[in-house]
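The chain contents come next:
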Amino acid sequence: MVIVGGITRLTGSGLSITEWKVVTGTIPPLNEVQWNEAFDKYKQIPQYKLVNSDFTLSDFKFIYFWEYIHRLIGRLLGLVFIIPFFYFFFKKQIDKSLMPKLIIMFLLGAWQGFLGWYMVKSGLVENIHVSHLRLAIHLVNAFFTFGYIFWVTFGLLFPPVKFSNLEQRKLNRWSLVLLITVTIQIIYGAFVAGTKAGYVYNTFPKMGDEWMASSVSFALQKDGVSSLINNLASVQFLHRWLAMVVMGLIFYIFYLARKNVVSLYQQSAIRYCVYAVAIQILLGVYTLLYAVPVWLGVIHQVGAFFLFATVINLLFQFTESKTLKIKV
């Protein structure tokens, strides 16, 4: 889902399907008449009129394919959840403490579908692309849903943690700070994707000949705080250096852990974070230097999910719990 979502975004395919039909939308156009009807609907939106007016039906089929597959996988995810849910529910094999968590998962998934359509709607009337703010909301909710599922899964797999000293509580606090910072960085990643800020200043570590492009300070003076989420250079600048902050926090947590006795699970969680952030920063740099080729952009987005997963794991391992382990 993440990979196809990244391809959909980077190929500009997200606005190819201009309607949201939960059930009948599962079936794509099956003949030339239906394909031409779908193409005619696409021709009514600004993206076609202002950007893709030279598109042939074959071009349209390409972008339609990615958006269709993205939506289809979303529907399949719902089935993958709901079918076994009802099976285990009627078999009375779902623990009472797990039931509300499963319902929250379902609601988050349904909300994600709504946010996807809410995002698409922003590009059907006046804009040639979807709103980068709505894109960020859609992406962050995907991370949040994934993170919640991951957290609940850890609760099933790992025994409850009982802290042996105050230093572990300190590591818990810094792990939470890290999660918040990574989330902000993900939001700025969505801003970069949504505004296409990755296509400007394709040099690293400097932005051209400057550490901070002069357009960043100029935009801040002209537009104020709003430039930090709307100006291309500002968005890219913040995304660059938030990555350094994330790396710094991870190495600080690594340093704190070296001074304290921690479990093997906790040691592994920290190492995974170190590996993930190193790989993700390298991917980010190369994605920037090569001006965001689709394949690198997709890998970079997938890398963000792996980094997020390692941070969720880290926070879980340093979160004290007295809850009994659920038998599975």
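Above this text sits the structure in question.
So, how was this worked out
Residues numbered from 1 in each chain as written. Predicted model: local features only at pLDDT ≥ 70, side-chain atom pairs only at ≥ 80, totals over all residues. Heavy atoms only, no water. Helix = DSSP H or I, 4+ residues; strand = E, 2+ residues; numbered from the N terminus. Rg over C-alpha atoms; globule rule 2.2 N^0.38 Å. Patch = residues over 30% accessible without salt bridge, like charges linked within 9 Å, V, L, I, M, F, W, Y side chains within 5 Å. Areas by Shrake-Rupley, 256 points an atom, 1.4 Å probe, with all protein chains shown as cover. Salt bridge = Lys/Arg side-chain N within 4 Å of Asp/Glu carboxyl O. Core = buried A, V, L, I, M, F, W, Y, C linked by side-chain atoms within 4.5 Å. Buried < 20%, exposed > 50% of the residue type's maximum accessible area, 1.4 Å probe, protein only. Contact = heavy atoms within 4.5 Å. Phe/Tyr/Trp six-rings, centres within 6.5 Å; stacked < 30°, edge-to-face > 60°. Lys NZ or Arg CZ within 6 Å of the ring centre and 35° of its normal. Expected span 1.5 Å × (residues − 1). Polar contact = N/O pair within 3.5 Å; in protein donor to acceptor, adjacent residues only side chain to side chain. Axes fitted to C-alpha atoms, helices over the stretch in contact; angles between N-to-C directions. Left-handed = near helix turned anticlockwise from the far one by under 90°. Nonpolar A, V, L, I, M, F, W, Y, C, P; charged D, E, K, R; others polar.

Trainee: Report on the overall build of the protein, specifying residues and quantitative values.
Mentor: Across its full length, the protein carries 12 helices and 0 strands. Ordered by position from N to C terminus, the α and β elements of the protein give α-α-α-α-α-α-α-α-α-α-α-α. Rg of the C-alpha trace for the protein: 22 Å, near the compact-globule value of 20 Å for 328 residues, within the 12% margin. Dimensions of the protein along its principal axes, counting C-alpha atoms only, are 65 × 65 × 30 Å.

Trainee: So what's going on with a nonpolar patch on the surface? Residues and values would help.
Mentor: Among the surface-exposed residues, F204, L282, Y286, L289 and Y290 lie close enough to one another that they form a single nonpolar patch of about 530 Å² accessible area. Its place among the elements puts Y286 in helix 11 (residues 264-289).

Trainee: Which residues make up the nonpolar core, and what values do they have?
Mentor: Membership of the largest hydrophobic core comes to 62 residues, with the highest contact counts inside it found for F60, L178, I250 and L314. For this core, the elements supplying multiple residues, two or more each, are helix 2 (32-42), helix 4 (57-90), helix 5 (99-121), helix 6 (132-157), helix 7 (166-195), helix 10 (232-258), helix 11 and helix 12 (294-317). What L314 contacts, discounting residues up to four positions off in sequence, is S175, L178, I253, A269, I270 and C273. Judged by nonpolar contacts, the second largest core, of 10 residues, contains F85, I94, M105 and L156.

Trainee: So what about the packing of aromatic side chains? Which residues, and what values?
Mentor: Counted by the stated rule, this structure contains 34 aromatic pairs. When the ring of Y42 is compared with that of F60, the centres are 5.4 Å apart and the planes differ by 35 degrees; the resulting orientation is tilted. Taken together, the residues span a long stretch of sequence, with Y42 in helix 2 and F60 in helix 4 at a distance of 18 residues. F60 matches Y42 in its accessibility class, with the two residues each being buried. When the centroid spacing of 6.2 Å and the interplanar angle of 15 degrees are considered together, the rings of F85 and F89 count as stacked. Placement of both F85 and F89 in helix 4 is noted, with a separation of 4 residues, approximately one turn of the helix. By relative accessible area, F85 is classed as buried at 15%. Put simply, the rings of F143, F146, F150, W151, F154, F158, Y265, F305, F308 and F316 touch in pairs and so form one group of aromatic residues. The lysine or arginine in question, R75, covers the ring of W20, its NZ or CZ lying 5.5 Å from the ring centre. The ring of Y118 has R134 sitting right over it, with the charged end atom 3.8 Å from the ring centre.

Trainee: Describe unusual backbone geometry, and please don't skip the residues or the numbers.
Mentor: Across the chain, the bulk of peptide bonds are trans and the bulk of non-glycine residues have phi less than zero. The omega torsion across F204 and P205 is 5 degrees, close enough to zero to call that bond cis. Mapped onto the elements of the fold, P205 is located in the loop between helix 7 and helix 8 (214-223). The backbone of K196 shows a phi angle near 60 degrees, a positive value even though the residue is not glycine. Here K196 shows up in the loop between helix 7 and helix 8. The backbone of V292 shows a phi angle near 55 degrees, a positive value even though the residue is not glycine.

Trainee: Quick one: what's the story with helix 6, residue by residue and with numbers?
Mentor: Three or four residues apart is the spacing at which side chains of an α-helix point the same way, because the helix has 3.6 residues per turn. Taking 1.5 Å per residue as the helical rise, helix 6 with its 26 residues ought to reach 38 Å, and the 37 Å between its terminal C-alpha atoms agrees with that figure. Regarding helix 6, its N-cap is S131, as a side-chain oxygen of that residue lies 3.2 Å from the backbone nitrogen of L133 further along.

Trainee: Any details on the side chain of H300? Residues and values, ideally.
Mentor: Considering the arrangement of structural elements, one finds H300 in helix 12. H300 sits in the buried class, given a relative accessible area of 19%.

Trainee: Run through the environment of G297, naming residues and quoting values.
Mentor: Residue position: G297 is located in helix 12. Overall, G297 belongs to the buried group, its relative accessible area being 11%. The spacing of G297 and G284 is 13 residues in sequence and 8.2 Å in space, taken between C-alpha atoms. Each residue touching G297, except ones within four places of it in the same chain, is listed here: L10 and T287.

Trainee: Go over the packing of helix 8 against helix 10, please, and point to the residues and values.
Mentor: Two elements in contact, helix 8 and helix 10, have axes separated by 8 Å at closest approach and are oriented at 115 degrees. Seen along the crossing, helix 8 lies across helix 10 with a hand that is left-handed. Counting all contacts with helix 8, which are made through S215, V216 and A219, the residues of helix 10 involved are A233, S234 and F237. Taken together, the residues of the contact of helix 8 with helix 10 break down into 4 nonpolar, 2 polar and no charged.

Trainee: Tell me about the environment of S53, and name the residues and values.
Mentor: The residue S53 is located in the loop between helix 3 (46-50) and helix 4 in this model. For S53 and E67, which are 14 residues apart along the polypeptide, the C-alpha to C-alpha distance reads 19 Å.

Trainee: How would you explain the pattern of salt bridges if you had to name every residue and give the values?
Mentor: Overall, the coordinates contain 6 salt bridges when judged by the stated rule. The shortest N-O distance in the salt bridge between E32 and K61 comes to 3.3 Å. Of this pair, E32 sits in helix 2 while K61 sits in helix 4; the two residues are 29 residues apart in sequence, bridging distant segments of the chain. For R71, the salt bridge identified is with E67, shortest N-O distance 2.8 Å. Taken together, the residues R71 and E67, both in helix 4 and 4 residues apart, mark about one turn of the helix. You can call R71 buried: its relative accessible area is 9%. Owing to a relative accessible area of 5%, E67 belongs among the buried residues under this scheme. Salt bridges here are not isolated pairs; linked through shared partners, they connect E19, K21 and K41.

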